[in-house]
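# Structural features, examined
Here's the letter readout for the chains.
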Amino acid sequence: MNASLLINENHRIQTQQLDVPPRLLLGPGPSNAHPRVLQALGMRQIGHLDPQFIELMNEIQSLLKYAWQTDNPLTIPVSATGSAAMEGTLANTIEAGDVVLVGINGYFGHRLVDMAGRYGADVRKLTKPWGEVFNLDELRAGLEEHRPAILALVHAETSTGACQPLEDVGDLCREYDCLLLADTVTSLGGVPLLLDEWGVDMAYSGSQKCLSCPPGIAPFTLGPRAVNKLSQRKTPVPNWYLDMALVAQYWGTERTYHHTAPINMNYALREALRLVADEGLEARWARHRHTAELFWEGLAEMGIKCHVEAQYRLPSLTTVCIPEGIDGKAVTRQLLANYNIEIGNGLGELAGKAWRVGLMGFNSRPENVTLLLTALKEVLA
Ligand code: PLP
């Protein structure tokens, strides 16, 4: 044989056909995908410019607008995870030197700071202890002091379980001629969210939380004021993949090739969003609330506290205070090994202090609360 064709066999490992344990994903995400979403994911492919696929894209855009309660024409799924959609909002609207004010009351506020800085923003911070939220007076004081071009807030802080109220924040931002950016990764499809009514100018989300779709495709929307800022840029968007002036040609009327859309992930997202529409937002939000309340009551009966004040607690994600003397990580390990239940450990300031329990989308059901509380009682006994 020709020596130059010698095949390196070192990495040719012998493996079994893939199998995975039947985990119940009650952590900060991903949550278990709805069975119908998994079915859609496995459907045969069509081309990404096929007329049928283009019809499916229209449906996704419409259903996404419903889920977010927005009429923004530029409402699309980014072909990547939530962080890419997050980066997309910033990349498109920040020009070097723009003041961006970020509310930091958890882990994802820090990520916004990091990203905004990389796009040349003059980043300013408003901070609160992890688990607390900003009130309107605090936000007003921040806008008054920093006069930002963008105010970025995390609606549902997955690291703390706190829900940042957004009602009236859009009006406030308009007073200061500032765009409002909201991270809705852990709220879309599970927590009341009215983008247009609240005056949110840009938002992003993920597929793997309350939408019960696998990770890999990320809702993204820009309202008219944000689109205006994008169209008035003096410099090109410094990120080719996320440049909405280009991506919008694929998702807009032209349907011009930009990148190859992940066909099956779009099938999955369409089915996930169809399930949201089928159930109806109000019913879905009420279901998440009801399930979370059952969980909180069960914890209270066990004498276990939640980290966030009841008024600001997210129904989709609860930070549970680890009782004194308990090794939190040992408990999560046991739940996984012995009960196939995944919950999350605390992140950042809450590391070692709290567990993170997600009751999201398809998983937001009373039987899962019973399963988790029963397992937790046994592990803590
Ligand atoms: N923002 C929040 C609030 C999140 O919870 C997450 C993921 O957990 C992200 C952003 C980033 O999303 P992804 O991990 O899908 O990139």
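Residues numbered from 1 in each chain as written. Predicted model: local features only at pLDDT ≥ 70, side-chain atom pairs only at ≥ 80, totals over all residues.

### Quick word on the sheet that holds strand S9 (residues 202-204)
For clarity, the cut-off: When DSSP finds two or more bridges between two strands, those strands count as paired. Strands here are runs of E lasting at least two residues and helices are runs of H or I lasting at least four, both read from the DSSP assignment and numbered beginning at the N terminus. An axis is simply a line fitted to the C-alpha atoms; with a helix, the fit covers only the stretch in contact. Between two such axes, the angle follows the N-to-C directions and lies from 0 to 180 degrees.
The seven strands lie next to each other as S2-S10-S9-S8-S5-S3-S4, forming an open sheet whose pairing is mixed. Each of the sheet's edge strands pairs with one partner strand only, and the pair in question is strand S2 (74-78) and strand S4 (122-127). Neighbour-to-neighbour, the strand axes of the sheet open up by a mean angle of 15°, direction not taken into account. As paired elements, strand S5 (residues 150-154) and strand S8 (residues 179-183) share five bridges and run parallel to each other. Opposite leucine 151, over in S8, you have leucine 180 as the bridge partner.

### Concerning unusual backbone geometry
Glycine 29 connects to proline 30 through a cis peptide bond whose omega is 5°. Position of proline 30 relative to the elements: it lies in the loop between strand S1 (24-25) and helix H1 (35-41). Phi at aspartate 168 is positive, roughly 75°, even though this residue is not glycine. Summarising the element assignment, aspartate 168 is placed in the loop between strand S7 (162-163) and helix H6 (169-175).

### Some details on the pairing of strand S11 (residues 317-321)
Under the convention used in this document: Any residue with 12 or fewer other C-beta atoms within 10 Å of its own C-beta is exposed, any with 20 or more is buried, and the rest are partly exposed; the C-beta atoms used are placed from the backbone.
For S11, a buried count of four out of five residues is recorded, marking the element as mostly surrounded by other parts of the structure. Across five bridges, the pairing between S11 and strand S14 (residues 354-358) is antiparallel. What sits directly across from valine 320, in S14, is tryptophan 355.

### A closer look at the UniProt feature "binding site: substrate" (unreviewed entry) in the chain
Heads up, the rule is: UniProt positions are given in the numbering used here, feature names are shortened, and annotations may be inferred rather than shown by experiment. Here, residue contact means that the backbone-derived C-beta atoms of the two residues sit within 7 Å.
The sites that carry the UniProt feature "binding site: substrate" (unreviewed entry) are, in the present numbering, Arg356. Relative to the assigned elements, arginine 356 resides in strand S14. You can call arginine 356 buried: it has 24 C-beta atoms within 10 Å. Apart from the residues within four sequence positions on either side, arginine 356 is in contact with Gly27, Pro28, Gly161, Leu317, Thr319, Ile343, Gly344 and Gly346.

### A closer look at the pairing of strand S10 (residues 218-222)
In terms of residue burial, S10 counts as a mostly covered element, since five of its five residues are buried. Burial along S10 is two-sided: Ala218, Phe220 and Leu222 and Pro219 and Thr221, pointing in opposite directions, are all buried. Where S2 lies against S10, five bridges are found, and the strand directions are antiparallel. What sits directly across from valine 78, in S10, is alanine 218.

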